[in-house]
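A look at the structure
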Amino acid sequence: MAVLRRYIVAKYIKEEKETFNKIEEIVTRVGKTAASIRSLQDIAEKETKKSATNKSGFSHNPAGYIVEFYNGSSINTLNSNVDGIRGKRASLIFFDEAAFCSDELIVVCEAFATQNSDFVTDTDNNYNPEVQPRQVPTQLVYASSQDTMDKLFYKYYKQFAKRMIAGDRDYFVCDMICDVAITVYMKGKPYKPLLTRDKVDAALKSNAQKARREYFNIPSRDGGVNQIVKWGTVRRNERKYLPQIYWDKQYKYVIAFDPARTMDNSIVSIMRIYNDPENGMCGDIINCVNMVDLANAKKYKMDSNRQIEELRELILHYNGQNPDYEYIDALMIDQGAGGGGTSTYADGLLNNWTDKSGVEHRGFIDANHELYEGYDARYPDAVDKLRLISPRKYRSVMFEELIELMNLGVIHFPLEYNGGDYVQVVDGIDKATGQEILKTHELSLEEQTSWVNIDLMKNEITSMQKTTNPENTSVTYALPPDRINKLHDDRAYTLVLLAHRLYELRRKDKVRQSAVEIVDKAPCCISSIDF
């Protein structure tokens, strides 16, 4: 019997563990995956190595999941840290969501399967390798929806398809689009589909570019040299965390608001900020809210009074039960070309207000803004954490700041949302066995909506382009002409506002560090001359 070592590889170890857990559900016949296959029989449950503390044989060690079989074979997850996994050997490498793995990770892991499994030698002069039974050949499996055309996965997809069509039996490419799950047959008769056409149509309407990748395997194409943020940069800046809806004492929060009433979206985006030992001040995009009036048939935005109420509720969510705005670093509001952000929203936030529980809270003021000079005496309770931003004055500068921060990798996003209602998360370590305790986290409607909006934010910012006029005297950052009527840019603009605040904080840190260095290197004025 062949001894096989299989590795599961993904961009993040969390994704590898999810794939491992699906294998575990099928083998042990428990969970949602197994429940969808009523005729599922014992495949390998009796073949796994078990112990007194591990009744199933599936080990969930934090360093890497593993299941071993009595014939010596095993299935392992790998740490996605490239430098820590070199030099391993395997019979099969399974790349989960390969399009989202870095090219370096794929190349390093491919080397695990370079050795010929049929190679055997012996010092016996009578040994004849040609009479030995053939072993299972090493295999590389790349499973994924598409991402962008510059990824190694897409290049392999084209190359391997050509090799298969040319008759090379070592290559096989299967392109399964959504129609396979929509038009289902069982024994030649129509069967209940796994996926409905309505869901695909809704996804195309919500985020067409993402839907084409996910449901039709059509890769995205970057927008050329004028594209300010490439998809590859966004992917590098993605991290494994969920949208955050409420306060966490580990962070402070920046809130950006781009208000609108009829034509555009009215968007509020939230970023948590923290000091990273290696990269300095960083920001995670954790929430994005579109203030739509769901009761309106035309899906107009809420009226300005309700938008202010909703904004105040969000502020309370991220300040927790703490003194007013202790955890709010800044509230950034787009002033608007016509000053609507000032007259309607900034003025509306000046006064103290009472929440739904009857608790009174202080107002907000931008004490440094020219329109509110001297207003701090008129509104003494208002907290100076509001920042009104003029798009005409700062737009180009803020976009340049965003580009720099994205390239530095200090602005992060959650991974792309897969549309599910739940995710598996680690809920501590079992002290007796050292195994990770897994918990199914049911995503709330707010979390799902936030995740969808953050994905739309990524789509918007990767669609923005930099153009100059013929005289090279002015620069414009905007959607290209072919996308102006297909996409909004409001989510992207709130990201720009958040980046502007993060840039300010990082600049202050640099000034502070420089001042400390100057003090540390102060000249010594003690003379060694004996007078």
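Look a little higher up for the structure.
A short tour of the structure in this document, coming up.

Definitions and limits used
Residues numbered from 1 in each chain as written. Predicted model: local features only at pLDDT ≥ 70, side-chain atom pairs only at ≥ 80, totals over all residues. Heavy atoms only, no water. Helix = DSSP H or I, 4+ residues; strand = E, 2+ residues; numbered from the N terminus. Buried < 20%, exposed > 50% of the residue type's maximum accessible area, 1.4 Å probe, protein only. Contact = heavy atoms within 4.5 Å. Areas by Shrake-Rupley, 256 points an atom, 1.4 Å probe, with all protein chains shown as cover. Lys, Arg positive; Asp, Glu negative; His and termini not counted. Charge placed at Lys NZ, Arg CZ, Asp CG, Glu CD. Axes fitted to C-alpha atoms, helices over the stretch in contact; angles between N-to-C directions. Left-handed = near helix turned anticlockwise from the far one by under 90°. Nonpolar A, V, L, I, M, F, W, Y, C, P; charged D, E, K, R; others polar. Core = buried A, V, L, I, M, F, W, Y, C linked by side-chain atoms within 4.5 Å. Pairing = 2+ DSSP bridges. Salt bridge = Lys/Arg side-chain N within 4 Å of Asp/Glu carboxyl O. Phe/Tyr/Trp six-rings, centres within 6.5 Å; stacked < 30°, edge-to-face > 60°. Polar contact = N/O pair within 3.5 Å; in protein donor to acceptor, adjacent residues only side chain to side chain.

This part takes up the overall build of the chain. Across its full length, the chain carries 14 helices and 21 strands. For the C-alpha atoms alone, the extent of the chain along its principal axes is close to 100 × 90 × 60 Å. The proportion of buried residues among the 531 residues of the chain is 44%. Put simply, of all contacts in the chain between residues at least 6 apart along the chain, 62% involve residues at least 24 apart. Approximately 29900 Å² of the chain is accessible, and the part contributed by carbon and sulfur atoms is 51%. In the chain, the 69 positive side-chain charges and the 76 negative ones have mean positions that sit 4 Å from each other.

A few words on the packing of helix α6 (residues 197–206) against helix α7 (residues 208–216). Working note: a packed helix pair is described by the angle between its axes plus the distance between those axes. Contact geometry of α6 with α7 gives a least axis separation of 6 Å together with a crossing angle of 145°. As α6 runs across α7, the sense of the crossing is left-handed. Taken together, the residues of α7 that come into contact with α6 (itself represented by K199, V200, A203, L204 and S206) are A208, A211, R212, Y215 and F216. A class-by-class count of the residues in the contact of α6 with α7 yields seven nonpolar, one polar and two charged.

Glancing now at unusual backbone geometry. One non-glycine residue with positive phi stands out, namely R29, at about 60°. Mapped onto the secondary structure, R29 falls in the loop between α1 (13–28) and α2 (31–35). Residues other than glycine seldom take positive phi values, yet Y325 does so here, at roughly 65°. Mapped onto the fold, Y325 is located in the loop between α9 (304–319) and β13 (328–334).

Where a protein is soluble and globular, its nonpolar side chains tend to be buried together. Residues I285, L311, L331, I411, F413 and I461 are the most contacted members of the largest nonpolar core, which totals 75 residues. Looking at this core, the element that brings in the most residues is helix α14 (residues 490–520), giving nine residues. Listed in part, the 22 residues of the second largest apolar core include F100, V108, F112 and Y142.

This next bit is on the sheet that holds strand β6 (residues 139–143). Spatially, the six strands line up as an open sheet ordered β2-β3-β4-β1-β5-β6, and their pairing is mixed. Lying at the two open borders of the sheet, with one neighbouring strand each, are β2 (58–61) and β6. Averaged over all pairs of adjacent strands, the angle between strand axes in this sheet comes to 15°, irrespective of strand direction. Most of the contacts of helix α3 (residues 103–110) go to strand β5 (residues 92–96), to which it runs at about 165°, and overall it touches β1 (5–9), β5 and β6.

So, on to the pairing of strand β12 (residues 280–290). Judged by how many residues are buried, β12 sits mostly within the fold: ten of eleven residues are covered. Hairpin remark: strand β11 (residues 267–276) followed by β12, antiparallel, with three residues in the connecting loop. In this sheet, strand β17 (residues 411–414) lies alongside β12 in parallel orientation, the contact comprising two bridges. Looking across to β17, one finds that G283 is bridged to I411.

This part takes up the sheet that holds β17. As summarised here, the arrangement of the seven strands in space is β9-β17-β12-β11-β10-β13-β16, forming an open sheet in which the pairing is mixed. Of all the strands in the sheet, the pair left with one neighbour each is β9 (238–239) and β16 (386–389). Contacts between helix α12 (residues 391–408) and the sheet are confined to β13, β16 and β17, with β17 contributing the most and set at about 75° to the helix. Across the face of the sheet, helix α13 (residues 445–461) comes into contact with β9, β11, β12 and β17 while running at roughly 115° to β12.

As enumerated under the stated definition, the model contains 20 salt bridges in all. For R163, the salt bridge goes to D168, with nearest N and O atoms at 3.0 Å. Given a relative accessible area of 40%, R163 falls into the partly exposed group. Owing to a relative accessible area of 24%, D168 belongs among the partly exposed residues under this scheme. Salt-bridge contacts for K458 lead to D455; the nearest nitrogen and oxygen are separated by 3.4 Å. Within this pair, K458 and its partner D455 are both found in helix α13, separated by three residues, close to a single helical turn. Look at K458 and you get buried, because its relative accessible area is 1%. Given the relative accessible area of 3%, D455 is considered buried. Through salt bridges that share partners, K11, D147, K151, K210, R213, R235, E238, E416, D455 and K458 make up one connected network.

Okay, the packing of aromatic side chains next. Aromatic rings considered in pairs are described by the distance between their centres and by the relative angle of their planes. The full count for this structure, using the stated rule, is 18 aromatic pairs. A ring pair is formed by F20 and Y65, whose centres lie 5.4 Å apart and whose planes are at 70°; its orientation type is edge-to-face. Of this pair, F20 sits in helix α1 while Y65 sits in strand β3 (residues 64–68); the two residues are 45 residues apart in sequence, bridging distant segments of the chain. The pair F20 / Y65 is uniform in exposure class, with both members buried. Considering the side-chain rings of Y372 and Y375, the 5.4 Å spacing of their centres and the 90° angle between planes classify their relative orientation as edge-to-face. In this structure Y372 comes out as buried when scored by relative accessible area, which is 3%. Judged by its relative accessible area of 27%, Y375 is partly exposed.

On to the side chain of T77. With respect to the helices and strands, the residue T77 is situated in strand β4 (residues 74–77). Among the residues examined, T77 registers a relative accessible area of 7% and is labelled buried. Of note is the side chain of T77, whose polar atom sits 2.8 Å from the backbone nitrogen of Y65. Those residues within four positions of T77 in sequence are excluded, and the remaining contacts are I8, E16, K17, F20, G64 and Y65.

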